[in-house]
Amino acid sequence: AVFDYVNLYNLHFSDDKTSVFKGEVDVNVAGSSANNLIGNVTVSNASYQNSKDLYFFDHLEVNSNFSSDNERKIEIQSSDAINASIVGKFDVYQIDKMIQNSLGSLYANYKSHQLRKGQYVKFNFTEFNKLIEIVYPKITLDKSTAVSGSINADSNDFKLKLFSKKINAFDTDFDQVQMEINN
């Protein structure tokens, strides 16, 4: 489908009144919910405008599939926007609670959410600075920024590595950022 003008603010997808998407989207997926979705979504010749800037995407592809042992793999590839891999056994609707539990486990008084057993996720993101600026216009990352890690929901095991030459967040600059969490 070709979208000549989609006002994402009017559709309640964005709080930014200038949020507009234009481009070609090809969806070739099967599944009855986000938890069993397989296939490809391709976005090409696209642009996104927000109050910060106008961003162009030549080609972005998202692929979701499952291995024979039911391990999900989501890959997001774009030469000008993001390279990411997310692998694991997880309920899409519980990812936010997995993250909350993993971060909350760093604190003694945290009461964790109940989650389905056997969930884990491994992730690796590179070259995602453009997408961060779209979603969070007050944050700018250097193009070399990389984030990787894993979460095991059963043990609240959380590992995270973040490397960036420069981050500007809410008008504050951070240079040569290296962060590692192993909980």
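Right above here is the structure, for reference.
Remember, predicted model here, so these are calculated numbers, not experimental data.

(A) Local environment of the packing of aromatic side chains. A full pass over the atoms with the stated rule returns three aromatic pairs. Ring geometry for Phe 125 and Phe 128: centres 6.1 Å apart, planes at 65 degrees, overall edge-to-face. Here a set of aromatic residues connected by ring pairs shows up, and it is made of Phe 123, Phe 125 and Phe 128. Above the face of the Phe 57 ring, Lys 130 is positioned so that its terminal group lies 4.9 Å from the ring centre.

(B) Representation of the pattern of salt bridges in the model. Under the counting rule described, the total for this entry stands at five salt bridges. Between Glu 133 and Lys 52 there is a salt bridge whose closest N-O contact spans 3.8 Å. Highlighted residues: Glu 133 in helix H2 (residues 129-135) and Lys 52 in the loop between strand S3 (38-49) and strand S4 (54-66), separated in sequence by 81 residues. You can call Lys 52 partly exposed: its relative accessible area is 34%.

(C) Quick peek at the pairing of strand S7 (residues 120-126). Pairing of strand S6 (residues 83-89) with S7 involves seven bridges; the strand directions are antiparallel. Bridge pairing in S7 places Ala 84 opposite Phe 125. Note: S7 against strand S9 (residues 146-152), seven bridges, orientation antiparallel. Residue pairing for S9: Asn 124 is matched across the bridge by Ser 148.

(D) Geometry of the side chain of Asn 50. Mapped onto the elements, Asn 50 comes out in the loop between S3 and S4. Given the relative accessible area of 4%, Asn 50 is considered buried. For Asn 50, the side chain forms a polar contact with the main-chain nitrogen of Asp 53, separated by 3.0 Å. Look past the residues within four positions of Asn 50 in its chain and what remains in contact with it is Asp 16, Thr 18, Tyr 55, Glu 133, Ile 134 and Pro 137.

What counts, and at which threshold
Residues numbered from 1 in each chain as written. Predicted model: local features only at pLDDT ≥ 70, side-chain atom pairs only at ≥ 80, totals over all residues. Heavy atoms only, no water. Phe/Tyr/Trp six-rings, centres within 6.5 Å; stacked < 30°, edge-to-face > 60°. Lys NZ or Arg CZ within 6 Å of the ring centre and 35° of its normal. Salt bridge = Lys/Arg side-chain N within 4 Å of Asp/Glu carboxyl O. Helix = DSSP H or I, 4+ residues; strand = E, 2+ residues; numbered from the N terminus. Buried < 20%, exposed > 50% of the residue type's maximum accessible area, 1.4 Å probe, protein only. Pairing = 2+ DSSP bridges. Polar contact = N/O pair within 3.5 Å; in protein donor to acceptor, adjacent residues only side chain to side chain. Contact = heavy atoms within 4.5 Å.

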